[in-house]
Amino acid sequence: MRVLLQGRIDLLQRVGGDSKIIGALQKELRKHNIQCDIAGPENGEQNLKRYDLIHLFGIMRVTDLYLIYRRARQNNIPIIVTPIYEDLSTLDLYGRKGIEKIFFNVLKNVNTKELLKAFWRSINDHKQITHVIDLLQKPYLSQQKEIVEYASYILPSCKSEA
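Owing to the predicted nature of the structure, the values given are computational and were not obtained by experimental measurement. Starting from 1, residues in each chain are numbered consecutively following that chain's sequence as written. Since the coordinates come from a predicted model, pLDDT governs what is reported: local features require at least 70, and pairs of side-chain atoms require 80 or more to be given and counted, while whole-chain, interface and lining totals use all residues. Just so you know, side-chain values use all the structure's heavy atoms and leave hydrogens and water out.

A.B. asks: An account of the overall build of the protein chain is requested, with residue identities and associated values reported.
C.D. replies: Scanning the protein chain from N- to C-terminus turns up 7 helices and 5 strands. In DSSP terms, a helix is any run of H or I states spanning at least four residues, a strand is any run of E spanning at least two, and both are numbered starting from the N terminus. Walking the protein chain from its N terminus toward its C terminus, one meets helices and strands in the order β-α-β-β-α-β-α-α-α-α-α-β. A radius of gyration in this sense is built from C-alpha atoms; the matching globule rule multiplies 2.2 Å by the number of residues raised to 0.38. For 162 residues, the compact-globule estimate of 2.2 N^0.38 gives 15 Å, and the C-alpha radius of gyration of the protein chain, at 16 Å, lies within 12% of that figure. Here the C-alpha coordinates of the protein chain stretch approximately 50 × 30 × 30 Å along the principal axes. By the burial criterion, 42% of the 162 residues in the protein chain qualify as buried. Relative to all contacts within the protein chain whose residues are 6 or more apart in sequence, the contacts with residues 24 or more apart total 69%. With an accessible surface of roughly 9400 Å², the protein chain has 55% of that area assigned to carbon and sulfur atoms. Charged residues are defined here as Lys and Arg on the positive side and Asp and Glu on the negative side; His and the ends of the chain fall outside this count. To locate a charge, take NZ of a lysine, CZ of an arginine, CG of an aspartate or CD of a glutamate. Positive and negative side-chain charges in the protein chain, numbering 24 and 18 respectively, have mean positions lying 1 Å apart. Between buried and exposed lies partly exposed: a residue is buried under 20% and exposed over 50% of the maximum accessible area for its type, with that area taken using a 1.4 Å probe on protein chains only. In what follows, a contact means two residues having at least one pair of non-hydrogen atoms within 4.5 Å. Throughout, the Shrake-Rupley method with a 1.4 Å probe supplies accessible areas, and for residues the shown protein chains are the sole cover considered.

A.B. asks: Can you lay out the environment of Asn 47 for me, pointing to particular residues and giving the numbers?
C.D. replies: Position of Asn 47 among the secondary structure elements: in the loop between strand 2 (35-38) and strand 3 (53-57). N or O atoms within 3.5 Å of each other form a polar contact, as long as, within protein, one can give a hydrogen and the other can take it, and as long as residues adjacent in sequence are counted only when both atoms are side-chain atoms. A polar side-chain atom of Asn 47 sits 3.1 Å from the main-chain amide nitrogen of Lys 49.

A.B. asks: I'd like a rundown of the environment of Asp 134, residues and numbers included.
C.D. replies: As for its position among the elements, Asp 134 is in helix 6 (residues 129-137). Exposure remark for Asp 134: the relative accessible area of 11% places this residue in the buried category. Placed 67 residues apart in sequence, Asp 134 and Leu 67 show a C-alpha to C-alpha distance of 8.8 Å. Apart from the residues within four sequence positions on either side, Asp 134 is in contact with Tyr 66, Arg 70 and Gln 143. Separated by 3.3 Å, the side chains of Asp 134 and Arg 70 make a polar contact.

A.B. asks: Kindly report on the packing of helix 4 (residues 98-106) against helix 5 (residues 110-124), identifying the contributing residues and their values.
C.D. replies: One way to put it is that helix 4 packs onto helix 5 with a least axis distance of 10 Å and a crossing angle of 160 degrees. Our classification of the angle between helix 4 and helix 5 gives roughly antiparallel. Where helix 4 crosses over helix 5, the two elements pack in a sense that is right-handed. Here Glu 100, Phe 103 and Phe 104 of helix 4 come into contact with helix 5, specifically with Lys 113, Leu 116, Lys 117 and Trp 120. Under the scheme applied here, ten amino acids are nonpolar (Ala, Val, Leu, Ile, Met, Phe, Trp, Tyr, Cys and Pro), four are charged (Asp, Glu, Lys and Arg), and all others, including Gly, are polar. Looking at the contact of helix 4 with helix 5, its residues break down into 4 nonpolar, no polar and 3 charged. For helices, the fitted line uses only the C-alpha atoms of the stretch in contact; every axis is such a line through C-alpha atoms, and the angle between N-to-C directions lies from 0 to 180 degrees. Working definition: roughly parallel below 35 degrees, roughly antiparallel above 145 degrees, roughly perpendicular at 65 to 115 degrees, and oblique for all remaining angles. Two helices that cross are described as forming a left-handed crossing if the nearer one is turned anticlockwise from the farther one by less than a right angle, and a right-handed crossing if clockwise.

A.B. asks: Pulling in residues and values, what's your account of the sheet that holds strand 5 (residues 153-154)?
C.D. replies: In short, DSSP must find at least two bridges between two strands for them to pair. The strand order 2-1-3-4-5 describes an open sheet built from 5 strands, whose pairing is parallel. Pairing within the sheet leaves two strands with one partner each, and these edge strands are strand 2 and strand 5. Direction of pairing for strand 4 (residues 79-82) relative to strand 5: parallel, over a ladder of 2 bridges. Bridge pairing links Ile 80 to Tyr 153 in strand 5. Sheet strands touched by helix 1 (residues 17-31): strand 1 (2-6), strand 2 and strand 3. Its angle to strand 2, the strand with the most contacts, is close to 160 degrees. Contacts between helix 2 (residues 62-74) and the sheet are confined to strand 1, strand 3 and strand 4, with strand 3 contributing the most and set at about 160 degrees to the helix.

So, in structure tokens, the structure goes:
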């Protein structure tokens, strides 16, 4: 069996808890002779037909997962989702500074907030403009719902995600 582990685009550049979870899972799967790759910043442009299963991590950054999800679905490759979900509404209201703080205090709609975040990310990484286009075609919450509904399994990493 060959598995592709896909997290956020900057998973390998900005190491966090999700990076550690994915790395630990890869290590354990390999101990059981399961071929396992961690997707890099190409985000879904690799040859998915080599894989029997795709494991998506981090439903909060759904735009980073949506392309590979669509390609997996087109190729009838099953997916597993580990949500790695945290409510960032408090951060949006109180932890942001400058113009971000103004926008997030004024904006109440989650879809609009996530579109704005995707736009800001695309300024720093022009390849992410496709995320903005995707969000204009299918809003953030709809993308999350679509992925979760297609998933063969949902594997929460803690009780709050269950």
